[in-house]
Amino acid sequence: MSDLDSDLVYHADIVIFGVIIVFTLASLPRAYARFSRRSEWSQGHILRSVEPRTSVKPRINLNHNIPPVDHEKPSFVEFDNTDSSTACASVPSLPRFALPNDKALPVTPHRDPTLASILHPVASVLRNRVHDNYSVGQVLLMLAYISIIFYVSFYKSNPFTDPHRAGWVIASQIPFVYALATKNNIIGMMVGVGYEKLNFLHRLVGRLMVIGGNVHFLGYVYKWSLAGDIYEKLAEDYVRWGIVAVVCLDILGFCSTEFVRSKSYNLFIATHVAGLIVFLFAACYHEPACVPYVIAACVFYILDHVIRAVKTRITTARLRPIPELGITRVEVPSLNSGWRAGQHVRLRVLSSSMGWWGWTEVHPFTIANVTQTSEGMVLMCKKTGRWTNNLFSMAQTASYGETGKEVGRDVRVIVEGPYGGVGHTVMSSYSGAMFVVGGSGVSFALSAVQDLIQAATDVKVIDIVWSIQDPASLTPLLPLLASIVQNSPSSRIRVHIFYTRAISTTFNGMYLPNGITLLPGRPKLEKLLDAAITDTMSAGGNNGVFVGVCGPVSLANTAARVVKESDIRLCTAVGGVKLHEETFGW
């Protein structure tokens, strides 16, 4: 390697690391706000079991019983339905009732200063969606990364006459692509985000390596062909190992496409595991100078798997079907602490009922409840494919328990986590919160709102906007939602439920408590967000509004657009609007 090549590659890595340091420094205020709370040191890292809190906690209605009907009351009443895109009357409410509450009044937590609260116009521009659902901020970051790589690759170099440069450039990226691929992502830990939020960078660096590897190989083929010694070169061992490395990169690149990932996720995983390991050996045999980069990648990879082993629990879970939602409710009584609201775990079910290879598959699911409950950790797994359909079928199997025959069954599972979540953001430091969720994404809202209720919080207004296909989906969650609405000591909580599928039945006998509304059509998020901001300011809040989104990418895009286009004067007056997204299919 020439002095120019080594200097360029070295300085490129320094620049990339410098950018990471800049983002790390920018996250320090939020990190301080988070870890200045003693509880944050023990939550969000290791799953464990502790003594549950003694409190009245209604469970999800798994018996699907409808509340008693009062036939003297009408099924529908007049209601302001302008929050929905379709005009229709809502379901009437029951009188508010009091639940026992022995909590002390909340204490104001440390503040969580963010860019969204300080520079709302700038943050709105960076959140704007562009090509392929990437935000402006993500696109700028990717363009900066590409610019660094291209500058180093082409500065005083021609890939046809100097293919050696391209090889060194991709070798220098080996530690970064492996670090970004790990679940316990050291870069994510530094900047305060989950590994899934940096996955777009992992894919970008991987694609650049695929392109660079092929440019490096084809450049030498072109050069050797002109010199007439291509066959002699191809017979060299180091060249053959280089070809193995390029083939590994090409297979990884092809199997990482969205088409392959969606059609055969097992193929994607298998090729990744095998290809990444073989590539490291091939790179070392091809060019011994690659060894330092490979060692760095191995350190990241091994450290990640050691931490994953520490975070893994083998235990027994209870599967229960919720047919109205098309969801399997997974209860893990032996794990009831160690996570933060919004975090997810990776679940593996050890049962032959999952199919020949189903026991080898690992799937991420958001934790749907708060810590320190007697029921333990709860997951809601929606039927979306073969694996989740098999899980739902298992849950429908009848078994015999202490009370006789009942639906559901116990199964051995491997739970790994927790991961992801809201990072260094402290939701309880805001004055208002609005959760926009779709389908099974309600699990994110349930855990977050319950956490805000039981924690020391300054949140004055909480809105849940839940979009579902069929209003029957509300039935099993109605007791829990009613408890959340009516058992808050200091926050005003409202639940807005919107259904999008036309129905032929009526709601006779189904009455909703105060604070819960059910309307057809899609929610008008613009009006709901303005109302949440206005209510927060009316309650005396000026520390910003947290907006959490969990659902399909289309829902996240809509919420991001609404936040971007929200009234700047309102956002400034309330202290800013912070948007956090948890999308399906990352």
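Here the residue numbers are simple positions, counted from 1 along each chain's written sequence. Whole-chain, interface and lining totals are the exception, using all residues; otherwise, since this is a predicted model, local features are given only for residues with pLDDT of at least 70 and side-chain atom pairs are given and counted only at 80 or more. Only hydrogens and water are removed before side-chain values are computed, so all heavy atoms of the structure are retained for them.

All right, on to the overall build of the chain then. Along its length, the chain carries 19 helices and 16 strands. Considering only contacts within the chain whose residues lie at least 6 apart along the sequence, 78% involve residues at least 24 apart. In the form shown here, the chain has an accessible surface area of approximately 27,000 Å², with 62% of it arising from carbon and sulfur atoms. Under the DSSP-based scheme used, a helix requires at least four consecutive residues in state H or I and a strand at least two consecutive residues in state E, with every element numbered from the N terminus. The criterion used for residue contact is that any of the two residues' heavy atoms lie within 4.5 Å. Note that accessible areas follow from Shrake-Rupley with a 1.4 Å probe, and for residues the cover is restricted to the protein chains shown.

Our next topic: the packing of helix α6 (residues 174-181) against helix α8 (residues 199-227). Between N-to-C directions, angles span 0 to 180 degrees; the directions come from axes that are lines fitted to C-alpha atoms, helices contributing only their stretch in contact. Running from N to C, α6 and α8 cross one another at 145 degrees; their axes reach a closest spacing of 9 Å. Crossing hand, α6 versus α8: left-handed. Along the contact surface, α6 presents Ile 174, Val 177, Leu 180 and Ala 181, while α8 presents Leu 201, His 202, Val 205, Gly 206 and Met 209. Any residue outside Ala, Val, Leu, Ile, Met, Phe, Trp, Tyr, Cys, Pro, Asp, Glu, Lys and Arg is labelled polar, Gly included; the first ten of those are nonpolar and the last four are charged. Residues that form the contact of α6 with α8 fall into these classes: seven nonpolar, two polar and no charged. Working rule for handedness: look at the near helix, and if it is turned counterclockwise from the far one by less than a right angle, call the crossing left-handed; if clockwise, right-handed.

What the six strands build is an open sheet, ordered β5-β4-β9-β2-β3-β6; its pairing is antiparallel. Pairing within the sheet leaves two strands with one partner each, and these edge strands are β5 (363-366) and β6 (377-382). Taken pair by pair, the neighbouring strands of this sheet meet at an average axis angle of 40 degrees, ignoring direction. Bridging between strand β3 (residues 327-332) and β6 involves six bridges; their strand directions are antiparallel. Each residue of the ladder has a partner; that of Glu 331, found in β6, is Val 378. Contacts from helix α14 (residues 386-395) reach β2 (312-322), β3, β4 (343-349), β5, β6 and β9 (409-420), with the element oriented near 70 degrees to β2. Strand pairing is assigned whenever DSSP identifies at least 2 bridges connecting the two strands.

What follows deals with the nonpolar core. Put simply, a nonpolar core is a bunch of buried Ala, Val, Leu, Ile, Met, Phe, Trp, Tyr and Cys residues held in one set by side-chain atoms that sit within 4.5 Å of each other. The classification of residues rests on relative accessible area computed with a 1.4 Å probe and restricted to protein chains. Under 20% of the type maximum is buried, over 50% is exposed, and intermediate values are partly exposed. Core analysis: the biggest nonpolar cluster contains 43 residues, and Tyr 145, Ile 174, Tyr 178, Leu 201, Met 209, Phe 279 and Leu 280 have the highest contact counts within it. Of all elements in the fold, only α1 (3-35), α4 (136-154), α5 (164-172), α6, α8, α10 (237-255), α12 (265-286) and α13 (291-311) reach the threshold of two or more residues within this core. Counting residues per element, this core draws most heavily on α8, which supplies seven residues. Tyr 178 has contacts with Leu 276, Ile 277, Phe 279, Leu 280, Ala 297 and Tyr 301, leaving out every residue within four places of it along the chain. In terms of nonpolar packing, the next biggest core, distinct from the first, is built from 42 residues, Val 449, Leu 481, Ile 493 and Tyr 499 among them.

β3 sits mainly inside the fold: six of its six residues count as buried. The two faces of β3 match: Ile 327, Arg 329 and Glu 331 on one face and Thr 328, Val 330 and Val 332 on the other face are all buried. Bridge analysis of β2 against β3 gives five bridges, and the strand direction is antiparallel. The partner of Leu 319 across the bridge, within β3, is Val 330. Where β2 folds back onto β3 in an antiparallel hairpin, the turn is made up of four residues, including Gly 326, whose phi is positive at roughly 65 degrees.

Attention shifts here to a nonpolar patch on the surface. On the surface, Trp 241, Val 244, Tyr 265, Ile 269, Val 273, Ile 277, Val 278, Phe 281 and Tyr 285 cluster together to form a nonpolar patch covering roughly 810 Å² of accessible area. For the nonpolar patch, the leading source of residues is α12, giving seven residues. Take Val 278: it is sitting in helix α12. Overall, the relative accessible area of 37% leaves Val 278 in the partly exposed class. Residues enter a patch when their relative accessible area is above 30% and they make no salt bridge; the linking distance is 9 Å between like charges and 5 Å between nonpolar side chains (Val, Leu, Ile, Met, Phe, Trp, Tyr). By salt bridge we mean one thing: a side-chain nitrogen of Lys or Arg within 4 Å of a carboxyl oxygen of Asp or Glu.

Per-residue confidence from the prediction method is given by pLDDT, with values spanning 0 to 100. Looking at the chain, pLDDT values average 82 and 84% of them are 70 or higher. Segment residues 63-81 is flagged for pLDDT under 50; beyond a separation of four residues in sequence, or across chains, it makes 32 contacts in the model. In the model, residues 113-117 has pLDDT below 50 throughout and makes 15 contacts with residues more than four positions away in sequence or in other chains.

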